[in-house]
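# Coordinate inspection notes
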Amino acid sequence: MTKIPFKPITLKEFAEILELSQSTVSRIVNGAGAAHRIAEETQQRVLHAAALYGYTANAVARSLRQKRTYTVGVIVPEISEGYSTAVLSGIEDELLKDGYFYFVVSHRHRADLLLGYPRMMLARSVEGIIAVDTPIEEELPVPLVAVSGHKRHEGAINIELHHEQAARLALSHLQTLGHKRIAFIKGQAFSSDTSPRWRAIVDVAKELGIKVDPRLVVQLQSPEPGAGPGLEVTRKLLETKQPFTAIFAFNDVTAIGAILALREVGLRVPRDVSVLGFDDVLVASTNNPPLTTIHQPLRAMGQAAASTLLGLIRDDIPHPHPAVITVYPKLVVRKSTGHVSTHTAPASLGAED
């Protein structure tokens, strides 16, 4: 269809042509029609007419008129396949419903960027900030929601996993399979989840009567994403010659690195060593073998973070605000864990106690 030549029209004029209210037209053009339950037929009619008449929403004019920017800042450690991208997808789901623009920065654990990025976002007039696995040390003049932040700020809200339940699910699973000597791969010191998750593991292991042998505990060091750090620390674990029949890794990519290291010395998963991951990222189900893991509802955590932030911006959340919103994990059993083998343990690991 040929586009009708026409001078730019105002929202009021465009709404009159469609015989709809300005608010209805504005919501549709700004991508918030579904969120406001506007009929799909009406949305299509407005969007078709907008293309025909060359009408576009003037975001700058709207911002100036309402003294709003409809912009949110999101801070992540890095943008790579796995944790951050899953959380970001949930954040995007919610922000798009309300017609919000957002931009993402990754700090790569650099102190200067951790300090500078919140200030940069404020200089660009963001209405709120979401920090994903990122410590925010300063009090901010805008609403803040942290995903796995584990920091307490006045007015800020944290979206946190129930780590004790996660530890219980993982350790009970391994115990049921007969595993007594379990190796643990802790997260990097800079990760917000490392300390609370390890405390939960130690506490639950004590309750279940599982001994945590310090010789079977290693910690990720490299900040690099991917399986490399897990491969590196598992090699070191194997070099100790301490016997173990299972590994509980800090996350799925670390678990995949552990499997690669086990294969290097001829050990099979799960026949010789069971491996349990954490997060349940997309690659967990397609790995060989598919990973048994603790499902962390990452996308739902992102959705909760964004909807909570918008509630804070609109002042829709009753006072006093909750300091923490807790989400719950579940165990996903696949092919990387199994019963302790009844045959002689591999010489490289010795015999189980």
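Everything below is about the structure shown above.
First, a word on what this report is: a plain description of the structure on this page. Keep in mind that this is a model prediction, so the values were computed, not measured.

Residues V72, V74, I91, I130, V132, L171 and F248 are the most contacted members of the largest nonpolar core, which totals 48 residues. Here this core takes nine residues from helix 12 (residues 298–314), the largest share from any one element. Within the second largest apolar cluster, 23 residues are counted, among which are L220, L237, I259 and A284.

Summarising the element assignment, D133 is placed in the loop between strand 3 (128–132) and strand 4 (144–147). Summary of buried charges: D133 has no salt-bridge partner, and the nearest side chain of opposite charge, R197, is 8.1 Å away. Here the side chain of D133 touches S192 through a polar contact of 2.9 Å, landing on its backbone nitrogen. For D133, the contacting residues outside a window of four places in its chain are P77, Y83, H107, V147, S148, S191, S192 and D193.

Okay, the environment of K97 next. Mapped onto the fold, K97 is located in helix 5 (residues 83–97). Taking the C-alpha atoms as reference points, K97 and A32, 65 residues apart in sequence, are found 5.0 Å from one another.

A separate point is the packing of helix 5 against helix 12. Closest axis-to-axis distance for the helix 5/helix 12 pair is 7 Å, and the angle between their directions is 40°. Relative to helix 12, helix 5 is oriented oblique. Regarding helix 5 and helix 12, the two cross each other, and that crossing is right-handed. Seen from helix 5, the contacting residues are Y83, A86, V87, S89, G90, I91, D93, E94 and L95; seen from helix 12, they are L298, R299, G302, Q303, A306, S307 and L310. Class assignment for the residues of the contact of helix 5 with helix 12 results in eight nonpolar, five polar and three charged.

Moving on, we get to the pattern of salt bridges. Evaluation of the coordinates by the stated rule reveals 15 salt bridges. Here D112 and R110 are joined by a salt bridge, their closest N and O atoms 2.7 Å apart. We classify D112 as partly exposed; its relative accessible area is 44%. According to the relative accessible area criterion, R110 is partly exposed, its value standing at 44%. Put simply, D98, R314 and D316 are held in one network by salt bridges that share partners.

Packing of helix 9 (residues 228–239) against helix 10 (residues 252–264) brings their axes to within 7 Å, and their N-to-C directions diverge by 45°. Classified by the angle between their axes, helix 9 and helix 10 sit oblique to one another. Crossing of helix 9 against helix 10: the hand is right-handed. Contacts between helix 9 and helix 10 involve G230, L231, T234, R235 and L238 on the former and, on the latter, T254, G257, A258, L260, A261, L262 and E264. Its residues assigned to classes, the contact of helix 9 with helix 10 shows six nonpolar, four polar and two charged.

Moving on, we come to the packing of aromatic side chains. For the structure shown, the criterion picks out four aromatic pairs. The ring of F278 carries the charged tip of R197 above its face, separated from the ring centre by 3.6 Å.

Here the focus is the pairing of strand 6 (residues 182–186). Among the five residues of strand 6, four are classified as buried, and the element is accordingly described as predominantly covered. Where strand 6 lies against strand 8 (residues 246–248), three bridges are found, and the strand directions are parallel. What sits directly across from A183, in strand 8, is I247. In this sheet, strand 7 (residues 217–219) lies alongside strand 6 in parallel orientation, the contact comprising three bridges. Each bridged residue has a counterpart across the sheet, and for K186 the counterpart in strand 7 is Q219. Since strand 6 and strand 7 lie parallel, the crossover through helix 8 (residues 194–208) that links them has a hand, and here it is right-handed.

Criteria and cut-off values
- Residues numbered from 1 in each chain as written.
- Predicted model: local features only at pLDDT ≥ 70, side-chain atom pairs only at ≥ 80, totals over all residues.
- Heavy atoms only, no water.
- Core = buried A, V, L, I, M, F, W, Y, C linked by side-chain atoms within 4.5 Å.
- Buried < 20%, exposed > 50% of the residue type's maximum accessible area, 1.4 Å probe, protein only.
- Helix = DSSP H or I, 4+ residues; strand = E, 2+ residues; numbered from the N terminus.
- Lys, Arg positive; Asp, Glu negative; His and termini not counted.
- Salt bridge = Lys/Arg side-chain N within 4 Å of Asp/Glu carboxyl O.
- Polar contact = N/O pair within 3.5 Å; in protein donor to acceptor, adjacent residues only side chain to side chain.
- Contact = heavy atoms within 4.5 Å.
- Axes fitted to C-alpha atoms, helices over the stretch in contact; angles between N-to-C directions.
- Parallel < 35°, antiparallel > 145°, perpendicular 65-115°, else oblique.
- Left-handed = near helix turned anticlockwise from the far one by under 90°.
- Nonpolar A, V, L, I, M, F, W, Y, C, P; charged D, E, K, R; others polar.
- Phe/Tyr/Trp six-rings, centres within 6.5 Å; stacked < 30°, edge-to-face > 60°.
- Lys NZ or Arg CZ within 6 Å of the ring centre and 35° of its normal.
- Pairing = 2+ DSSP bridges.
- Right-handed = clockwise from strand over helix to strand, strands pointing away.

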